[in-house]
Each structure stands twice: as structure tokens, then as C-alpha cells.
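# Structural description and commentary
Read off the chains here:
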Amino acid sequence: MKWIEMDVRSEEAYNQAKEWYDEVVFTKKVYLRDSPNFGELKSDVKGLKEKYGKIALLLITEKPSLIREVKKRIPNALIYVQGGNLRVVRFAIENKVDAIISPEYGRKDSGLDHVLARLATSNDVAIGFSLSPLLRANSYERANILKFMMRNWRLVDKYKVPRFLTSSAESKWEVRSPKDLMSLGINIGMETPQAKSSLSFYPERILKKKNCEV
């Protein structure tokens, strides 16, 4: 079994994760208000791939059409979309991005329903359950986030949505071992084998689909 960390967001986090995981995906956050400079973005992705190997772009935008544009023009990176905006999330799932990270992010509900869960299964779009929002939240916020993550897990489990557990670490202090991320999965309702597969089987399948060697 290979342990795979699907989302770390800094060099120090990547280096820390490499001590615990067989494969690590480096994620570049991309804030989009308008179409990016694709020449510059392609150059960035090329350099990151040379340095880290497996690359994801985390798209953060209020304009859904930009997601399709990036997905079409940057085919050699995983495409993640930040959860939180239902309109953006639905568009992203319809356009078959690789993953939605934290559907509940910044919301007062879980950010996922049965319609989106079914669509994610049909379009092979994974849901990323991320630890980092919990680390940055106060006790009241943490309780709500966990409640929403539990709801999302029930939908993901019911409709057999691809998924993974991740730290989404932006510093080495936020990186967690596979055992710790499995504990997150168990706390939101996963059985132990389900938590393991969310760090191995499903991430490996996503990487293979994207033609990333594992």
C-alpha cells in the first residue's frame, strides 16, 4: 500500500510530507478574477513539475467559466477547485475537474447535497476532506466544520463519490502523518478501511487517471 498526500501548498510542507508519504502532490493556489496569463501559468506549472513531479492547481474564483478555461489550457496538472460557492462547485463538477476541496469551506452549511454528490460520482470528481480549516478554527467553528464534514461524508459514502483525506498544509506545522489523517476520517464517520483507501486507493486512482505515475 502506498500512502499519498494529495494537497500540500508550500516547499516546507512538501519536504515534511515526503518524510511520511510515498507520493506527495504540490498544490499551487491560483486566484482568478479574470483570465490568467496562460504563458506565465504554463511556465510556472512546468517549473513546479520539474521540481516536485506531481502538481495540482487549486482554483479560487467567483467566475465559473474561468475553471473550464484553465482546465482546457493546462492539461498537465490536477485541477482542484476550492469549495464554498455552490454555483462554482456545481460548474466545476459538471466540467469534470479532478477534485473539490472542502465543500463546506466558509459556509453555514455543508456545501454539498445529493444532486452534487450524484453528479460527482457520474463525472468522477473527488471530494477532498481537508484538515487545515480545522486547525485554523476556534472551538465553535471547529464543531460546525466537523458537523458539515460528517454530513458530506455520509453523502460521499452513499453515492460512492471518489474522495481523499489531506492536510492541505501551507506550512510544515500543518502537515500530518497518514495515521493522523486516518483519525480525521474516522472522526467524521469513516470505517478504518475507508480511511485507509482515502489515503491510498482513491488518490492512486486519481493520479493514474491524470497519467501521473505512482
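Everything that follows concerns the structure shown earlier in this document.
Quick look at the structure, then. (Residues numbered from 1 in each chain as written. Predicted model: local features only at pLDDT ≥ 70, side-chain atom pairs only at ≥ 80, totals over all residues. Heavy atoms only, no water.)

### A short note on the overall build of the protein
Along the backbone of the protein there are 10 helices and seven strands. For 214 residues, the compact-globule estimate of 2.2 N^0.38 gives 17 Å, and the C-alpha radius of gyration of the protein, at 16 Å, lies within 12% of that figure. Its C-alpha atoms put the protein at 45 × 40 × 30 Å along the principal axes. Within the protein, the proportion of its 214 residues that are buried is 55%. Summarising the internal contacts of the protein: among those between residues at least 6 apart in sequence, 66% fall at separations of at least 24. Averaging the positions of the 38 positive and the 27 negative side-chain charges in the protein gives two centres separated by 4 Å. (Helix = DSSP H or I, 4+ residues; strand = E, 2+ residues; numbered from the N terminus. Rg over C-alpha atoms; globule rule 2.2 N^0.38 Å. Buried < 20%, exposed > 50% of the residue type's maximum accessible area, 1.4 Å probe, protein only. Contact = heavy atoms within 4.5 Å. Lys, Arg positive; Asp, Glu negative; His and termini not counted. Charge placed at Lys NZ, Arg CZ, Asp CG, Glu CD.)

### Examining the side chain of Arg9
Locating Arg9 in the fold gives a position in the loop between strand S1 (4-8) and helix H1 (11-17). Separated by 3.4 Å, the side chains of Arg9 and Ser168 make a polar contact. Among residues more than four places away in sequence, those in contact with Arg9 are Phe26, Thr27, Lys29, Leu58, Ile101, Ser168, Ala169 and Glu170. (Polar contact = N/O pair within 3.5 Å; in protein donor to acceptor, adjacent residues only side chain to side chain.)

### As for the packing of aromatic side chains
Across all of its chains, the model carries five aromatic pairs by this definition. Aromatic side chains Phe201 and Tyr202 sit 4.9 Å apart centroid to centroid with 80° between the ring planes, which places their arrangement in the edge-to-face category. Residue Phe201 is classed as partly exposed on the basis of its relative accessible area, which comes to 46%. A network of ring pairs unites the aromatic residues Tyr14, Phe26 and Tyr52 as a single cluster. (Phe/Tyr/Trp six-rings, centres within 6.5 Å; stacked < 30°, edge-to-face > 60°.)

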